[in-house]
Amino acid sequence: MEIDVFTLFPEWFDWFTAQRHVRNALAGKVRFERVNFRDHTPLSGGQVDDTPFGGGAGMLLRVDVVDSALRAHYQLDPVELRAQRRVIALTPGGRLLDDELVDELAAEPALTLLCARYEGFDERIIEHFASDEVSIGRYVLSGGELAAMVLCDAVLRKLPGALGDASSSAEESFSSSLGGDPEYPHYTRPAEHRGWRVPEVLLSGHHERIAQWRRERSRERAQRLGGDAAD
Ligand SMILES: C[S@@+](CC[C@H](N)C(=O)[O-])C[C@H]1O[C@@H](n2cnc3c(N)ncnc32)[C@H](O)[C@@H]1O
């Protein structure tokens, strides 16, 4: 898989790419590249943003700057790019990132992520260059970089070899093996602390009863979340 992140702050990803599961993925078949919009701006003084037409606060990432960065990186008209790979604009109002979307993106051979800052994107960037708008939640961050890291983290841990133990991702919250429900509770030693006992069934060694107990706890958690978490 290839992931290209377009950002004004490529150095923010230094921390992200140093994390173990990301390093594992990068040591395998994943190529992760960051592109600084500013390195490709056609404007003088490294300008990348401008004030909104019609007035209002803040600055918008300019369409000509994004056009030129995508064109320079992919050597083609960016309008053509979204027919070849998912080009994702990170926006607060986009499609909410959930496990289904993460699975969908993890199956893609190539992703391009566009991070804005300040007041956001000139809308023509989204209309003409992006294939998707993705949000990591209904709140507003200061920029798309953290959202891009969240998306990449979730996608990369789905790829073979990213996690030391592949079974860690097989049965976890929202996976199909849990019917889309949140994961059941886990416990470790000591079996008792301040009178708080680990549920006896987990100490029983009885695999079927343990599996059933876990299934029931997952369902309970789903119901507490307001019905089926997979809905
Ligand atoms: C300060 S925000 C712009 C908010 C925009 N003016 C609005 O009200 O929707 C700057 C940028 O951060 C990113 N961003 C902020 N919140 C996000 C979220 N919840 N999910 C994904 N990206 C987000 C987007 O790239 C956005 O354009």
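Residues numbered from 1 in each chain as written. Predicted model: local features only at pLDDT ≥ 70, side-chain atom pairs only at ≥ 80, totals over all residues.

**Student:** Sorry if this is basic, but what is going on with the overall build of the chain here?
**Tutor:** Within the chain, the secondary structure is distributed over 10 helices and 10 strands. With respect to the principal axes defined by its C-alpha atoms, the chain has extents near 70 × 40 × 35 Å. Counting only residues that meet the buried cut, the chain has 26% of its 231 residues in that class. Pairs at least 24 residues apart make up 73% of the contacts formed inside the chain by residues separated by at least 6 positions. (Helix = DSSP H or I, 4+ residues; strand = E, 2+ residues; numbered from the N terminus. Buried ≥ 20, exposed ≤ 12 C-beta atoms within 10 Å, placed from the backbone. Contact = placed C-beta atoms within 7 Å.)

**Student:** Teacher, can you tell me more about the site of the ligand here?
**Tutor:** Of all residues adjacent to the ligand, which total 20 residues, the nearest are Leu90, Ala116, Gly120, Gly144 and Ala147. Only strand 5 (86-96), strand 7 (120-121) and helix 7 (144-156) provide two or more residues apiece to the shell around the ligand. (Near = placed C-beta within 6 Å.)

**Student:** I tried to follow the sheet that holds strand 8 (residues 132-135) on my own but got confused; where do I start?
**Tutor:** Backbone-to-backbone hydrogen bonds join strands into a sheet, with any given pair of strands oriented parallel or antiparallel. Spatial strand order, 2-1-6-5-8: five strands in an open sheet with parallel pairing. For this open sheet the edge positions go to strand 2 (31-36) and strand 8, each flanked by a neighbour on one side alone. Strand-to-strand twist across the sheet, computed as the mean angle between neighbouring axes with direction ignored, equals 30°. Relative to strand 6 (residues 110-114), strand 1 (residues 2-7) is paired through five bridges, and the arrangement is parallel. (Pairing = 2+ DSSP bridges. Axes fitted to C-alpha atoms, helices over the stretch in contact; angles between N-to-C directions.)

**Student:** When you look at the sheet that holds strand 4 (residues 60-61) in this model, what are you seeing that I'm missing?
**Tutor:** Taken together, the three strands give an open sheet; going across it, the order is 3-4-7, and neighbouring strands pair in mixed fashion. Among the strands making up the open sheet, the edge pair consists of strand 3 (49-50) and strand 7. Relative to strand 7, strand 4 runs parallel, the two sharing two bridges. Of the residues in strand 7, the one forming a bridge with Leu61 is Phe121.

**Student:** What is the right way to look at the confidence of the model for the chain in this model?
**Tutor:** Atomic detail in the predicted coordinates should be set aside for any region of low pLDDT. Averaged over every residue, the pLDDT of the chain is 94; the share at 70 or more is 96%. Strand 6 holds the highest mean pLDDT among the elements of the chain, 99, whereas helix 8 (residues 167-170) holds the lowest, 66. (pLDDT = per-residue confidence, 0-100.)

**Student:** What exactly am I supposed to notice about the domain arrangement of the chain here?
**Tutor:** By a frequent convention, interface size equals the accessible area lost on bringing the separate parts together. Split into domains, the chain comes out as domain 1 (2-156) and domain 2 (174-224). Between domain 1 and domain 2, the C-alpha centre-to-centre distance is 38 Å. (Domains from an automatic or database assignment.)

**Student:** Can you walk me through helix 3 (residues 63-74) in this structure?
**Tutor:** Because the α-helix completes a turn every 3.6 residues, residues three or four places apart line up on one side. Between the first and last C-alpha of helix 3 there are 16 Å, a value that for 12 residues agrees with the 16 Å anticipated at 1.5 Å per step. Among the residues of helix 3, those classed as buried are Val65, Val66, Ala69 and Leu70. Buried positions in helix 3, seen along its axis, are confined to an arc of 125° and lie on one side of it. The secondary structure elements touched by the buried residues of helix 3 are strand 1, strand 2, strand 4, helix 4 (78-81), strand 6 and helix 6 (123-128). Just past helix 3, the residue Gln75 takes up positive phi, approximately 55°. (Expected span 1.5 Å × (residues − 1). Arc of directions from axis to C-beta.)

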